[in-house]
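# Understanding the architecture of this molecule
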Amino acid sequence: MTLFTASRGRSATLHPERSRRSTHNRPLHYLICGLIALVMLVPLAFMFAGAFKPNADVLADGDNWRALIPLHPTLDNFSSAWERSNFGRLLLNSLVVCGATVGLGLIVNSMFGYALARLRWTGRNVVLAAVVALIIIPFEALAIPLLLMMTELGWLDTYQAQIVPFIANPFFIYLFYSFFLALPRELEEAARVDGAGPLRTFRSVIVPLSKPAYASVAILSFLTTWGQLLWPVMATRSEDVRPLPVGMAVFQTLPPLQWGDIMAFATMMTVPTLVVFLIFQRAFVQGVAAQAVKE
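Bear in mind that the values here come from a model prediction, so they are computed numbers and not experimental data.

## Examining empty space enclosed by the protein
For the structure shown, the criterion picks out two cavities of 30 Å³ or more. Lining the largest cavity, in full, are Ser94, Val97, Cys98, Gln162, Thr225, Gln228, Pro232 and Pro243. Broken down by element, the lining of the largest cavity gets its largest block of residues, three residues, from helix 5 (residues 87-118). Its residues assigned to classes, the lining of the largest cavity shows four nonpolar, four polar and no charged. Considering only enclosed or pocket space, the second largest cavity measures out at about 30 Å³ in volume. Contributing to the lining of the second largest cavity are Thr101, Val102, Gly105, Leu106, Asn109, Phe166, Ile167, Asn169, Phe172, Val217 and Ser221. A total of five residues in the lining of the second largest cavity trace back to one element, the largest contributor, which is helix 5. Split into classes, the residues belonging to the lining of the second largest cavity amount to six nonpolar, five polar and no charged.

Encoded structure:
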């Protein structure tokens, strides 16, 4: 830390004009970031406000400042959306699919990434190249063959059709791989001296040091799975296993069209993602920062 501080001090001494210019530009940077955040938050604020408004006021106030403030707040939209859409069942389906996909994915992808980063075995470089190549293949190119495979297995309209194909993810494998490469090998060598094998070394040494990577993958995997629409539309037929995104698409077509109910449905669907992000926010930022410093 002392060396880093001294280095920054020398850099500021050697480049005083650059340091002053950075200080002068800081308010402009804050202003630009604030405007970008405002643009991104306004739709959310409109959705949250609309969820608490009477149905007649949601679009009537859409062209003025009242669009962001519920002047006559009500909770009727939430109860109506919950009952009309069978929201409880849809929520349970999404929680089951997301929980299984994220939990099993963390185990499989991290172990795969560790095997690529730390272990030496025949064909390792070929597998690593295949993982990198798979990252750039869009899911749409695999959807039809995957659907045919699920049909042959008899898995259509089941939870496993929404979980099993998405446990292993090449992007998450590579993220773990790149994170594990930055860890010091001395810790693993010390574990081997104590008699630990690869699995125990991974569980007792690598996993505790990789919480930022696990948090980053958990958030990204949850967001991807929670908002997935194309595959559930193709692989599900009944409400018993249908997740929230498909349920919302169907709910928007149900008569009568009630925008307050739709806003309430969207709000209830958004809240879990905000909760997950807030829980893992610190570790997620640490993981992003660690990757940036390594690069």
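## With respect to helix 9 (residues 170-181)
In this model, helix 9 (twelve residues) spans 16 Å end to end at C-alpha, consistent with the 16 Å of a helix rising 1.5 Å per residue. Among the residues making up helix 9, those that are buried are Phe172, Ile173, Leu175, Phe176, Tyr177, Ser178, Phe179 and Phe180. At the N-terminal end of helix 9, a side-chain oxygen is found 2.9 Å from the backbone nitrogen of Phe171, two or three residues along, and the residue is Asn169.

## A few points about the packing of helix 5 against helix 12 (residues 211-226)
One way to put it is that helix 5 packs onto helix 12 with a least axis distance of 9 Å and a crossing angle of 145 degrees. Of the two elements, helix 5 crosses helix 12, and the hand of that crossing is right-handed. Seen from helix 5, the contacting residues are Leu91, Ser94, Leu95, Val97, Cys98, Thr101, Val102, Leu106 and Ser110; seen from helix 12, they are Tyr214, Val217, Ala218, Ser221, Phe222, Thr225 and Trp226. Here the contact of helix 5 with helix 12 is built from residues that sort into eleven nonpolar, five polar and no charged.

## Comments concerning helix 5
Look at helix 5: 45 Å from first C-alpha to last across 32 residues, which is about the 46 Å you get at 1.5 Å a residue. At Gly105, helix 5 is bent by approximately 30 degrees, the largest bend along its length.

## Observations concerning the packing of aromatic side chains
Applying the stated criterion across every chain, the model contains 16 aromatic pairs. Considering the side-chain rings of Tyr114 and Phe180, the 6.1 Å spacing of their centres and the 80 degrees angle between planes classify their relative orientation as edge-to-face. One end of the pair, Tyr114, is in helix 5; the other, Phe180, is in helix 9, with 66 residues separating them in the sequence. Across this residue pair, the class does not change: Tyr114 and Phe180 are buried. Cluster of aromatic residues (ring-pair linked, three or more members): Tyr114, Phe176, Phe179, Phe180, Phe202 and Tyr214.

## Section: the nonpolar core
Residues Leu106, Phe176, Phe180, Ile206, Trp226, Leu244 and Phe265 are the most contacted members of the largest nonpolar core, which totals 46 residues. Contacts of Phe265, omitting those with residues within four sequence positions, involve Ala81, Ser85, Phe87, Leu90, Leu244, Gly247, Met248 and Phe251. Counting residues in hydrophobic clusters, the runner-up holds eight residues, among them Ala143, Leu147, Met150 and Ala235.

## Section: the layout of surface pockets
Roughly 790 Å³ of internal volume is contained in the largest pocket. Residue lining of the largest pocket: 27 residues in total, with Phe139, Phe166, Ala168, Asn169 and Pro170 positioned closest to the centre. Put simply, the parts of the chain that give the lining of the largest pocket at least two residues each are helix 5, helix 6 (124-135), helix 7 (140-153), helix 9 and helix 12. When residues in the lining of the largest pocket are grouped by element, the largest group, five residues, is from helix 7. Here the lining of the largest pocket is composed, by residue class, of 19 nonpolar, seven polar and one charged.

Basis of the calculations
- Residues numbered from 1 in each chain as written.
- Predicted model: local features only at pLDDT ≥ 70, side-chain atom pairs only at ≥ 80, totals over all residues.
- Heavy atoms only, no water.
- 1 Å grid on protein atoms, 1.4 Å probe; cavity = no way out; pocket = protein on both sides within 12 Å on 5 of 7 lines; lining within 4 Å.
- Points joined across faces, edges and corners; volume = space filled by probe spheres on them.
- Helix = DSSP H or I, 4+ residues; strand = E, 2+ residues; numbered from the N terminus.
- Nonpolar A, V, L, I, M, F, W, Y, C, P; charged D, E, K, R; others polar.
- Expected span 1.5 Å × (residues − 1).
- Buried < 20%, exposed > 50% of the residue type's maximum accessible area, 1.4 Å probe, protein only.
- Polar contact = N/O pair within 3.5 Å; in protein donor to acceptor, adjacent residues only side chain to side chain.
- Axes fitted to C-alpha atoms, helices over the stretch in contact; angles between N-to-C directions.
- Left-handed = near helix turned anticlockwise from the far one by under 90°.
- Contact = heavy atoms within 4.5 Å.
- Bend = angle between axes of the 7 residues up to and from the residue.
- Phe/Tyr/Trp six-rings, centres within 6.5 Å; stacked < 30°, edge-to-face > 60°.
- Core = buried A, V, L, I, M, F, W, Y, C linked by side-chain atoms within 4.5 Å.

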